[in-house]
Amino acid sequence: MTSLVSNETYVILGASGNTGSIIADFLLSKGKKVRVIGRDVGRLDRFVRKGAEAFMADVTDALALTKAFGGASAAYLLLPPIISREDQERESDAIAKAMKESGLPYAVYLSSYGAQVPKGTGPVAGLHSSEQKLNAIDGLNVLHLRAAYFMENNLAAISMIQQMGIFGHALQPDLKLPMIATRDVGDYAAQRLLYLDFSGKQTCEVLGERDLSLTEVTAIIARGIGKPDLRYQQFPYDQVQRVLEQMGMTPKKAAVYIEMFQAINTGVLAAQEPRSRENTTRTSFENFVEEVFVPAYHGKPVSA
């Protein structure tokens, strides 16, 4: 299979992040022209050394983004980690405006499973809104990549495991979740960008290697870190809200996450596609624990 567009330039938002870095490295390895966008050009140096063009732009600056998208044929789009729903709307407004005004023909947008639901899903509601804005752009071929729950989310439990000897969360202990490694999201998006094998407005879910409950997740972590007695404990929502605030979140931001956890627990936020060879990815949670969680638990840097 060969790419359908020749001499294309790819624009990568969030190139220094977990998924964007994989995509940028992959496309550069294929000899493609890559433009990496970030607020801190220093964090983009490693891509420049491989031949990428760095472009400084804030994701709320539609004018700067329009310039960054100019003359390109495809982009990888995402919203930064949520600060507030209002910020999400400002960011998705700017991205959509820049996409429209630049006339960029192809985009892969990092969304989330559950993004078909318009409200009541916390940060995922912002991804729904962003999908709608991109869908309204005439002539844009966009693939909304509805990714599963990130395995990396479980890294937030490390300090609790170390200090309290438990893995606590608001999610029900036996509720099965599709769970994916961010590197697999990056790999999938990179392939779709390379081949540009989509048209119109499309969505696809990427569901990870298998569905797992947090009880199962905890057992796999327990084996990995050598703490066989580690147990999962479901916490009440108000307690989780307090913990998130103690971790530095504003009460408003913490409440957005609580809304998402409630939506997961009640089945409002759930995968829609049956699991298939196409939407199942490679990295198992056991691999993730061995290669990412255990080094992070022991304070060692994780190699990309």
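Just above, that's the structure.
Reference entry: report on the structure contained in this document. Owing to the predicted nature of the structure, the values given are computational and were not obtained by experimental measurement.

Our focus in this paragraph is helix α4 (residues 85-102). Between its first and last C-alpha atoms α4 spans 26 Å; for 18 residues at 1.5 Å apiece the expected length is 26 Å, and the two agree. Residues of α4 that are buried include every one of Asp87, Gln88, Glu91, Ser92, Ala94, Ile95, Ala96, Ala98 and Met99, and no others. Those residues of α4 that are buried lie in contact with β1 (9-13), α3 (62-69), β4 (74-77), β5 (106-112) and α5 (123-135). Gly103 sits one or two residues past α4 and shows a positive phi near 70°.

Further remarks concern the packing of α3 against α4. The geometry of α3 relative to α4 is characterised by a closest axis approach of 8 Å and an angle of 45° between their N-to-C directions. When the interaxial angle is binned, α3 and α4 end up oblique. In terms of crossing hand, the pair formed by α3 and α4 is right-handed. Counting all contacts with α3, which are made through Ala62, Leu65, Thr66 and Phe69, the residues of α4 involved are Ala94, Ile95, Lys97, Ala98, Met99, Glu101 and Ser102. Residues belonging to the contact of α3 with α4 are distributed by class as follows: seven nonpolar, two polar and two charged.

What follows deals with the sheet that holds strand β2 (residues 33-38). Pairing within the open sheet is parallel, and its seven strands lie in the order β3-β2-β1-β4-β5-β6-β10. Whereas interior strands pair on both sides, the edge strands pair on one side only; in this sheet they are β3 (53-56) and β10 (201-206). Strand-to-strand, the axes of this sheet are offset by a mean angle of 20°, without reference to chain direction. Strand direction decides the pairing type here: β1 and β4, joined by three bridges, are parallel. Residue pairing in the sheet places Val11 in a bridge with Ala75 of β4. The strands that helix α1 (residues 18-29) touches are β1, β2, β4 and β5; relative to β1, the one it contacts most, it runs at about 165°.

Tracing the sequence through the fold places Glu8 in the segment before β1. In this structure Glu8 comes out as buried when scored by relative accessible area, which is 4%. In this structure the side chain of Glu8 is engaged in a polar contact, spanning 3.5 Å, whose partner is the side chain of Tyr10. Separated by 2.9 Å, the side chains of Glu8 and Lys32 make a polar contact.

Packing of helix α8 (residues 214-225) against helix α11 (residues 285-297) brings their axes to within 9 Å, and their N-to-C directions diverge by 55°. With respect to α11, the axis of α8 lies oblique. Note on packing geometry: the crossing formed by α8 with α11 is right-handed. On the side of α8, the interface is formed by Val217, Ile220, Ile221, Arg223, Gly224 and Ile225, while α11 contributes Phe285, Glu286, Val289, Phe293, Val294 and Tyr297. Here the residues of the contact of α8 with α11 sort into nine nonpolar, one polar and two charged.

With that out of the way, let us pick up the packing of aromatic side chains. Following the criterion strictly, the structure yields five aromatic pairs and no others. The interplanar angle of 85° and the centroid separation of 5.5 Å between the aromatic rings of Tyr106 and Phe198 together place this pair among those described as edge-to-face. Of this pair, Tyr106 sits in strand β5 while Phe198 sits in the loop between α7 (182-195) and β10, and the two are 92 residues apart along the sequence. The same class applies to Tyr106 and to Phe198, which are both buried. Ring centres 6.5 Å apart and planes at 20° place the aromatic pair Phe293 and Tyr297 in the stacked group. Linking Phe293 with Tyr297, this pair stays in helix α11, spanning four residues, or about one helical turn. Judged by its relative accessible area of 11%, Tyr297 is buried.

Cut-offs applied
- Residues numbered from 1 in each chain as written.
- Predicted model: local features only at pLDDT ≥ 70, side-chain atom pairs only at ≥ 80, totals over all residues.
- Heavy atoms only, no water.
- Helix = DSSP H or I, 4+ residues; strand = E, 2+ residues; numbered from the N terminus.
- Expected span 1.5 Å × (residues − 1).
- Buried < 20%, exposed > 50% of the residue type's maximum accessible area, 1.4 Å probe, protein only.
- Contact = heavy atoms within 4.5 Å.
- Axes fitted to C-alpha atoms, helices over the stretch in contact; angles between N-to-C directions.
- Parallel < 35°, antiparallel > 145°, perpendicular 65-115°, else oblique.
- Left-handed = near helix turned anticlockwise from the far one by under 90°.
- Nonpolar A, V, L, I, M, F, W, Y, C, P; charged D, E, K, R; others polar.
- Pairing = 2+ DSSP bridges.
- Polar contact = N/O pair within 3.5 Å; in protein donor to acceptor, adjacent residues only side chain to side chain.
- Phe/Tyr/Trp six-rings, centres within 6.5 Å; stacked < 30°, edge-to-face > 60°.

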